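# What the coordinates show
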Amino acid sequence: MNETVPKHIVENAMPVCARTPDGSPAAGDETDPALCARAPIGMLCELTHKCPLQCPYCSNPVELERANTELTTAQWQDVMRQAASLGVLQIHLSGGEPTARKDLEEIVKVAAEVGLYTNLITAGVTLTRDRLLKLAELGLDHVQLSIQDVDAENADRIAAYKGGLAKKIEVAKWVKEAGLPLTVNAPIHRQNIHNVPRMIEFAVELNAGRVEIAHVQYYAWALLNRSALMPTREAFMTAAKQVEVAREKYKGIIVIDAIVPDYYAKFPKPCMGGWARGIVNITPSGRVLPCHAAESITHLTFDNVKDKKLADIWLTGDAFQKYRGTEWMKEPCRSCPRKDIDFGGCRCQAFALTGDAANTDPACSLSPMHDNWATVAEVESHSAPTDFIYRKVGGAKPKVPAEPAE
Amino acid sequence: MADTPVRTRTMITGASRPMMPKHVKMRHDPGRGRWIILAPERVFNPDDTAVSVLKLCDGQNSVADIAAALAAEYQAPLDVVTEDIVAMLQDLADKGVVLA
């Protein structure tokens with residue numbers, strides 16, 4: 001996603017989840033270079049794991065954190081101050097559903113005061129107009145609104161929530177009324193992939209400046225639900241072509257960012273832009289992670305902002321140091337000319353599928369696991385979809401039958 | 001959503017009066033020793049020329065004005081500078097970073 005605007009400007013897309021383009025800041029020679037040379041540019045704040053929706057591809061861990069373990073208002077405010085002095089540029093206020101925190105305004109206020117670019121990532125369904133206008137007044141910079149589908153009934157079924165789509169249309173109007181830029185985020189999977197062109201049109205109609213056609217990444221809940229979600233290669237290729245057509249049609253009107261499913265990619269994704277390189281993630285209880293799925297690597301230990309300074313954790317924390325850079329790599333990564341491009345892919349995926357997070361991500365064609373892995377996607381996507389396992393505290397059993405395969 | 005006017009692509013010409021919208025923030029980052037532009041889920045790293053151009057993008061100056069100022073500052077041919085600036089601003093307009 002890195003490209004050069006005619007000679008003068010380098011563009012860095014800001015990853016929020018397990019997807020990352022480059023963006024590592026160059027070393028500066030002013031003020032404390034040891035700190036700032038390696039400061040993250042983005043910080044994902046999972047303010048809470050509470051959410052009215054139950055999307056079966058939720059990026060939160062399967063073991064959701066309970067509300068009584070959440071950081072307090074003052075603790076989050078302190079995290080914002082620490083982040084700004086560390087050199088973080090953008091924060092993504094996410095969840096769960098971040099608006100489920102009654103003190104969101106107080107957190108945004110401090111974030112804006114210390115100069116962080118604040119992005120609210122919301123499902124929108126519990127937001128009110130007054131609240132959104134207040135957030136804008138306090139300095140919120142951008143809203144990312146998720147949709148489950150453009151077919152209202154299917155959207156309700158995917159999220160296990162009634163009437164979400166109509167509410168989201170209303171929220172999008174308030175975002176524009178508040179004078180804020182809007183991104184529509186559409187997680188894509190086999191049960192809505194046929195609507196990709198309509199989702200882009202929908203985002204244009206909502207006056208969004210950006211739309212993310214974000215193929216589901218298969219971790220946590222999405223991994224549990226993989227056979228209900230994995231599209232066929234053919235469906236993926238069709239959607240990719242549709243995105244290209246829409247990019248031409250809507251050039252200068254809407255920016256379309258596509259996140260591809262790595263099961264069908266040629267090379268592994270440079271997950272998070274490299275481990276502990278540009279992004280830091282904070283869980284509701286204050287655990288500091290190199291990526292939102294990192295807790296799935298069971299042998300890692302994570303520090304908490306309740307016990308240590310964010311800068312110390314970022315620079316020296318065990319979990320951050322473990323896979324930072326390229327020294328930890330084994331073959332075939334170690335001698336690979338792409339090792340500084342894709343960083344051996346995703347550590348969580350390597351761990352989940354090979355048992356060793358230092359192995360090459362099976363998404364890489366050089367991984368001995370690669371053929372198996374590609375077969376899994378092929379077989380699952382051509383079989384009837386399984387029932388959704390909805391995202392819930394304490395897990396859940398399949399309840400609603402999935403749509404028949406097309 | 002019938003009340004929503006159909007948006008069209010902004011085309012940058014010499015007569016355009018570009019500006020950055022409120023939600024796009026260009027500032028100097030002292031820690032990194034460089035200028036940065038913060039935009040929705042994007043960070044841009046402008047070089048010195050881009051910073052000079054964008055500082056003049058206040059909604060008042062036309063692209064022609066900006067090109068003239070830059071050509072004088074850098075002692076460069078006006079047509080080359082103009083072409084360069086138009087291309088840069090067009091690209092930024094397409095990305096929603098610049099309005100005109």
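Bear in mind that the values here come from a model prediction, so they are computed numbers and not experimental data. (Residues numbered from 1 in each chain as written. Chains lettered and ligands numbered in written order. Predicted model: local features only at pLDDT ≥ 70, side-chain atom pairs only at ≥ 80, totals over all residues.)

Of regular secondary structure, chain B possesses three helices and three strands. Of the contacts made within chain B by residues no fewer than 6 positions apart, 54% connect residues no fewer than 24 positions apart. (Helix = DSSP H or I, 4+ residues; strand = E, 2+ residues; numbered from the N terminus. Contact = placed C-beta atoms within 7 Å.)

Residue and element names in this part refer to chain A. As for its placement among the helices and strands, Leu140 is situated in the loop between α4 (129–138) and β6 (142–146). Of the residues examined, Leu140 has 26 C-beta atoms within 10 Å and is grouped as buried. Once the C-alpha coordinates of Leu140 and Ala186 are considered, the two residues, 46 residues apart in sequence, prove to be 22 Å apart. The residues touching Leu140, leaving out its near neighbours within four places in the chain, are Val108, Thr118, Leu120, Leu135 and Leu180. (Buried ≥ 20, exposed ≤ 12 C-beta atoms within 10 Å, placed from the backbone.)

Residue and element names in this part refer to chain A. Two elements in contact, helix α2 (residues 73–86) and helix α3 (residues 104–113), have axes whose closest approach is 9 Å; the angle formed by their N-to-C orientations is 20 degrees. Relative to α3, the element α2 lies roughly parallel. Of the two elements, α2 crosses α3, and the hand of that crossing is right-handed. Every residue of α3 that contacts α2 at Thr73, Trp76, Gln77, Met80 and Arg81 is listed here: Glu106, Ile107, Val110 and Ala111. Across the contact of α2 with α3, the residue classes break down as five nonpolar, two polar and two charged. (Axes fitted to C-alpha atoms, helices over the stretch in contact; angles between N-to-C directions. Parallel < 35°, antiparallel > 145°, perpendicular 65-115°, else oblique. Left-handed = near helix turned anticlockwise from the far one by under 90°. Nonpolar A, V, L, I, M, F, W, Y, C, P; charged D, E, K, R; others polar.)

Here we come to the sheet that holds strand β3 (residues 42–46) of chain A. All names here are of chain A. Across the sheet, which stays open at both edges, the nine strands sit in the order β9-β8-β7-β6-β5-β4-β3-β10-β11 with mixed pairing between neighbours. Two strands lie at the open edges of the sheet, namely β9 (255–259) and β11 (288–289), each paired on one side alone. Bridging between strand β8 (residues 210–215) and β9 involves five bridges; their strand directions are parallel. Counterpart to Ala214 in the pairing with β9 is Ile259. Contacts from helix α6 (residues 164–177) reach β6 and β7 (182–188), with the element oriented near 170 degrees to β6. (Pairing = 2+ DSSP bridges.)

Residue and element names in this part refer to chain A. The buried fraction of β7 amounts to seven of the seven residues, a majority that puts the element mostly inside the structure. Here β7 shows no split at all, with Leu182, Val184, Ala186 and Ile188 on one side and Thr183, Asn185 and Pro187 on the other all buried. Two elements, β6 and β7, share four bridges in a ladder whose sense is parallel. When the bridges of β7 are listed, Val143 appears paired with Leu182. In this fold, the crossover linking β7 to β8 by way of helix α7 (residues 196–205) has right-handed handedness. (Right-handed = clockwise from strand over helix to strand, strands pointing away.)

All names here are of chain A. Of all eight residues in helix α14 (residues 347–354), six are buried, a share of seventy percent or more. Tucked inside the fold, the buried residues of α14 contact α15 (370–382). One or two steps after α14, the chain reaches Gly355, where phi turns positive at roughly 85 degrees.

Turning our eyes to something else, we now look at the environment of Val171(A). Residue and element names in this part refer to chain A. Within the secondary structure layout, Val171 lies in helix α6. Residue Val171 is classed as buried on the basis of its 22 C-beta neighbours within 10 Å. For the pair Val171 and Thr126, spaced 45 residues apart in the sequence, the C-alpha separation amounts to 9.5 Å. If we ignore the near neighbours within four places in the chain, the residues touching Val171 are Gly124, Leu127 and Leu145.

Turning to the nonpolar core, a few remarks are in order. Core analysis: the largest hydrophobic core is formed by 140 residues, its most contacted members being Ala83(A), Val88(A), Leu182(A), Val184(A), Met199(A), Ala203(A) and Ile85(B). Discounting chain neighbours no more than four positions away, the residues touching Leu182(A) are Val143(A), Leu145(A), Ala172(A), Val175(A), Lys176(A), Leu206(A), Asn207(A), Ala208(A) and Gly209(A). (Core = buried A, V, L, I, M, F, W, Y, C linked by C-beta atoms within 7 Å.)

Here we take up the confidence of the model for chain B. When pLDDT is averaged across chain B, the result is 92; 94% of the residues are at 70 or more. Interface confidence in the predicted complex, given as ipTM, is 0.92; pTM for the same model is 0.91. (pLDDT = per-residue confidence, 0-100.)

This next bit is on the environment of Val196(A). Residues and elements named next belong to chain A. Positionally, Val196 belongs in helix α7. Take Val196: there are 23 C-beta atoms within 10 Å of it, and that puts it in the buried class. Between the C-alpha atoms of Val196 and Val243, which are 47 residues apart in sequence, the distance is 7.7 Å. Sequence-distant contacts of Val196, that is, excluding residues within four places in its chain, are made with Ile188, Ile213, Ala239, Gln242 and Val243.

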